[in-house]
Amino acid sequence: MKYVAAIDVGGTSIKAALVSQTLEVITTTTAPTPQEDSTGHKTAQSLAAIVRELEQTHHVSAVGFAVPGALDEGKGVSRWTGNLGWKDLPIKELVAKELNLPVAFGHDVRSGAVAELRSGAAKDFQQSIFIPIGTGIAAALIIDGKIRSSDGYAGEIGHLNVGHDIPCVCGLSGCLETISSAAAITREYEKRTGYQITAKEILGRIRSDDHAWQVWEQAIAYLAVALEDLITILAPEAIIFGGGLSQAGTALIEPLQTILNERLTFQRMPQLLIAHYGVNAGTIGCAIMALDLLAKETA
Ligand SMILES: [Zn+2]
């Protein structure tokens, strides 16, 4: 049995797992994402430390890691990753040098889609969209059975203009991400009540707290605006929600379904589903990328 290290580098934390050839998660670990690391060196060292930790259980044969932002996945370059402060950074090469192991590299959202498409909620569809909703929002577009990224630029739906006046890190206002993400929900709740609680806590009280309900309802309404555009343009058979907010389950799906039933006229209504791998889709996808690399090397 072979084992791989699967590492999902997020804006604030790094989630990692030791995963077997049969996609069994053996052990997991997390670490904070190094801040102010424009050279990528601290991140590469942090990944090496994580692999050493995971290796204490089983020998690691390859590593799959994913990062957010605009990437050139083929070249292993981060073109622009706002939250990490990277620009034209050859991060795959830096990590491979530090690890001295075969390394597979991908985009955090698309690696989640790899997992869902291979053996999760997207596996029965040729056309689907995977949308993790966490600190930010982005989409992986699955078209004709393949994940399409248009040279790494496509799917940044967090910056679709859904029509409000809250400013965004991208320099504009009206973005989906600043009204419907977990971070946005926390911010909106605090604005209304003065209390800073997590999006998960807000979700836990939508039936008992009017402010929580209103913030959630608003987030869903704007998300539906973006979905309507996506459905009209891409006609997916299924939309699969991942990330922290997908844990809302029916509290996410049912109100979205109601709005879309009213708004869509001629378009194909997609099935609205929750990711099979939940918040771990990105990590499992990294493991699949690493195992695919091993299979290719031994073929
Ligand atoms: Zn924006």
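Note that the structure is a prediction, hence the values are computed from the model and not measured.

We now examine the coordination of the zinc ion. The coordination sphere of the zinc ion, as far as protein atoms go, consists of His159 (ND1), Cys168 (SG), Cys170 (SG) and Cys175 (SG), spread over 2.0 to 2.3 Å. Every donor counted, the four donor atoms about the zinc ion form angles of 102 to 120 degrees at the centre, which fits tetrahedral coordination. All donor residues of the zinc ion come from one chain, and their arrangement in sequence is H-x8-C-x1-C-x4-C. For the pair shown, Cys168 and Cys175 are each scored as buried.

With a phi angle near 45 degrees, Asp88 is a residue other than glycine that sits in the positive phi range. On the secondary structure map, Asp88 appears in strand E7 (residues 86-89). Overall, the relative accessible area of 52% leaves Asp88 in the exposed class. Here the phi dihedral of Asp144 falls at roughly 50 degrees; this positive angle occurs in a residue that is not glycine.

As a further point, take the domain arrangement of the protein chain. Domain boundaries in the protein chain define domain 1 (3-107 + 280-298) and domain 2 (121-275). The gap between the C-alpha centroids of domain 1 and domain 2 is 26 Å. Contacts between the two partners involve seven residues from domain 1 and, on the opposite side, six residues from domain 2. When the two sides are added together, the surface that domain 1 and domain 2 hide from each other amounts to roughly 490 Å², 49% of it contributed by carbon and sulfur. Our enumeration of links across domain 1 and domain 2 arrives at zero salt bridges. Linking domain 1 with domain 2 are two residue pairs in polar contact (both at pLDDT 80 or more). In terms of residue class, the side of domain 1 that touches domain 2 is made up of three nonpolar, two polar and two charged.

A full pass over the atoms with the stated rule returns two cavities of 30 Å³ or more. Here the largest cavity is characterised by a volume of approximately 50 Å³. In this structure, the largest cavity is lined by Ile133, Ile137, Ser180, Ile185, Trp216, Ala219, Ile220, Leu223, Leu245 and Leu252. Space inside the second largest cavity adds up to approximately 30 Å³. What lines the second largest cavity is simply Gln127, Ser128, Ile129, Leu141, Ile142, Ile143, Leu234 and Pro236. Elements supplying a minimum of two residues to the lining of the second largest cavity: strand E9 (128-132) and strand E10 (140-143). Of all the elements, E10 adds the most residues to the lining of the second largest cavity, at three residues. Residues belonging to the lining of the second largest cavity are distributed by class as follows: six nonpolar, two polar and no charged.

Reading the values: the criteria
Residues numbered from 1 in each chain as written. Predicted model: local features only at pLDDT ≥ 70, side-chain atom pairs only at ≥ 80, totals over all residues. Heavy atoms only, no water. Donors = N, O, S within 2.8 Å, 3.2 Å for Na, K, Ca; no water. Tetrahedral: all angles 85-135°; square planar, octahedral: opposite > 155°, others 65-115°. Buried < 20%, exposed > 50% of the residue type's maximum accessible area, 1.4 Å probe, protein only. Helix = DSSP H or I, 4+ residues; strand = E, 2+ residues; numbered from the N terminus. Domains from an automatic or database assignment. Contact = heavy atoms within 4.5 Å. Buried area = accessible area lost by both parts, 1.4 Å probe. Salt bridge = Lys/Arg side-chain N within 4 Å of Asp/Glu carboxyl O. Polar contact = N/O pair within 3.5 Å; in protein donor to acceptor, adjacent residues only side chain to side chain. Nonpolar A, V, L, I, M, F, W, Y, C, P; charged D, E, K, R; others polar. 1 Å grid on protein atoms, 1.4 Å probe; cavity = no way out; pocket = protein on both sides within 12 Å on 5 of 7 lines; lining within 4 Å. Points joined across faces, edges and corners; volume = space filled by probe spheres on them.

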